[in-house]
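Single-letter residue listing:
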Amino acid sequence: MPVKNRLAEMHDQITEWRRDLHAHPELMYDLPRTSAFVAEKLRAFGCDEVVEGIGRSGVVGVIRGRSDNTGRAVGLRADMDALPVEEASGLPYTSKTPGRMHACGHDGHTAMLLGAAQYLAETRNFDGSAVVIFQPAEEGGAGGKAMVDDGLMDRFGIDEVYGMHNMPGIPVGQFAIRPGPMMAATDDFDITITGIGGHAAKPHKCIDPVLAASHVVIALQSIAARSVDPLKQVVVSVCSFRTESDATNVIPQTVRLRGTVRTMEEDVRDLAETRLKALVENTAAAYGATAAIDYQRGYPVTENDPDRAAFAAEVARAVAGGVEDTAPLMGGEDFSYMLNARPGAYIFLGNGDTAAVHHPAYNFDDAAIPYGCSWFAELVERRLPAA
Ligand SMILES: [Zn+2]
Ligand SMILES: [Zn+2]
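Bear in mind the structure is a predicted one, so any value in this text is a computation, not a measurement. (Residues numbered from 1 in each chain as written. Chains lettered and ligands numbered in written order. Predicted model: local features only at pLDDT ≥ 70, side-chain atom pairs only at ≥ 80, totals over all residues. Heavy atoms only, no water.)

A. Fine view of the packing of aromatic side chains. Following the criterion strictly, the structure yields eight aromatic pairs and no others. Taken together, a centroid distance of 5.8 Å and an interplanar angle of 35° make the contact between tryptophan 17 and phenylalanine 45 tilted. Here the residue tryptophan 17 occupies a position in helix H2 (residues 11-23), and phenylalanine 45 occupies one in helix H3 (residues 32-45), the gap between them amounting to 28 residues. Both residues of the pair, tryptophan 17 and phenylalanine 45, count as buried. On the numbers, 5.9 Å between centres and 85° between planes, the contact of tyrosine 299 with tyrosine 337 is edge-to-face. In this pair, tyrosine 299 is assigned in the loop between strand E13 (290-297) and strand E14 (302-304) and tyrosine 337 in helix H10 (residues 335-341), connecting sequence segments 38 residues apart. The residues tyrosine 299 and tyrosine 337 share a single accessibility class, namely buried. (Phe/Tyr/Trp six-rings, centres within 6.5 Å; stacked < 30°, edge-to-face > 60°. Helix = DSSP H or I, 4+ residues; strand = E, 2+ residues; numbered from the N terminus. Buried < 20%, exposed > 50% of the residue type's maximum accessible area, 1.4 Å probe, protein only.)

B. Broad picture of the coordination of the zinc ion (ligand 1). Looking at the zinc ion (ligand 1), one finds its protein donor set to be Cys104 (SG), Glu139 (OE), Glu139 (OE) and His358 (NE2), positioned 2.0 to 2.8 Å from the metal centre. Coordination at the zinc ion (ligand 1) comes from four donor atoms whose angles at the metal span 51 to 148°, giving a geometry best classed as irregular. Every donor residue of the zinc ion (ligand 1) comes from the same chain, spaced as C-x34-E-x218-H. In this model, the zinc ion (ligand 1) sits 3.1 Å from the zinc ion (ligand 2), the two metals being bridged by cysteine 104. Highlighted residues: glutamate 139 in the loop between strand E4 (129-135) and helix H5 (143-149) and histidine 358 in the loop between strand E16 (344-350) and helix H11 (369-383), separated in sequence by 219 residues. A relative accessible area of 18% means that glutamate 139 is categorised as buried. (Donors = N, O, S within 2.8 Å, 3.2 Å for Na, K, Ca; no water. Tetrahedral: all angles 85-135°; square planar, octahedral: opposite > 155°, others 65-115°.)

C. A look at the packing of H3 against helix H4 (residues 106-123). At a minimum axis distance of 9 Å, the contact between H3 and H4 shows a crossing angle of 15°. Considering the angle they form, H3 stands roughly parallel to H4. As for how H3 packs across H4, the hand of that crossing is right-handed. Taking contact as the criterion, the partners of Phe37, Val38, Lys41, Leu42 and Phe45 in H3 are, on H4, Thr110, Leu114, Ala117, Gln118 and Ala121. Its residues assigned to classes, the contact of H3 with H4 comprises seven nonpolar, two polar and one charged. (Axes fitted to C-alpha atoms, helices over the stretch in contact; angles between N-to-C directions. Parallel < 35°, antiparallel > 145°, perpendicular 65-115°, else oblique. Left-handed = near helix turned anticlockwise from the far one by under 90°. Contact = heavy atoms within 4.5 Å. Nonpolar A, V, L, I, M, F, W, Y, C, P; charged D, E, K, R; others polar.)

D. Representation of the sheet that holds strand E1 (residues 49-54) in the model. Strands sit in the order E1-E2-E4-E3-E5-E16-E6-E15 across an open sheet of eight strands; the sheet is mixed. The open sheet has two edge strands with one neighbour each: E1 and strand E15 (322-325). Each strand of the sheet is rotated relative to its neighbour by a mean of 25°, with strand direction disregarded. Of the strand pairs in this sheet, E1 and strand E2 (residues 58-64) are connected by five bridges, and their pairing is antiparallel. Residue pairing in the sheet places valine 50 in a bridge with glycine 61 of E2. Its contacts with the sheet place H4 against E2, strand E3 (73-79), E4, strand E5 (160-167) and E16, and it is angled at close to 150° to E3. (Pairing = 2+ DSSP bridges.)

Below is the structure:
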């Protein structure tokens, strides 16, 4: 079954919006042009309510169906922020701001949800309310949490919530989803190991933090290899190893190690944190050094409610060529905060054979627009059937 005819008709218009957003990327919560663009369109479509400034710069539109016998509301979410990446796509509508780029396709997500909002406001062929949610700061700023903390779910009476992300490597016109954990919890660590510096030719007069830190890096691999059930997912990556000196004849005073821990279940997340702290403190101590650990919990696991994931897949099957099962990804996603507040599902939309998200040559594929828009719109019509 094809995409919705009306949304196919709107393809060129939605593509224009997408390219306009692409040329004007904004970062984190600082989205004056993007959020004004969204709010202005939602008002022009005739949304019953348009509220700006939720979660600092988020925008919410409410579209009431022809009837409201059940009082139910379905939330649909898109993210609006770009990345601090220098664009190398060579496109005619390339970023007009050096060092900023829509390298994760949030321009496409925003344009598609606007298209669905216009369709829903024109047709209103459902019972209850559709709440379109445009969030800031997905890329590391927890904008989804900011909106939830600002009362998003209660204020608009949202019963369940759905989100979508484009995915390079999946053909355009296809979706992918799974029940349960879909994206990882993302925690970061920043460790300082302190020894006693001195002359490199007199190591016996020093406590060498480089040697201690090297053993820490190796010891941390035992979390995945020996602490966590091998059938469960965990990643521990030390991504930065720095001393305060580049000299070849100085044993430094400190080494700073920074990295990330990714997990799919809360008990594994707890175990990884506990083991990391014990390994760092005790390994440093074994070499006479001390360790200070700053461990920050980031986005929680993005977890699909099994029934809603099955429903989301059924809708995808109705509007597109097919739905693949996907393995969970160890990346993070702050739609997780919305899924922790209300049941729902998060789905991948095929972006074809493009560069990966966050790559300077990435581009959202406009051919995916009718599928994404139709999924949002069909989801509301099926979940809130007209009386
Ligand atoms: Zn991203
Ligand atoms: Zn993204």
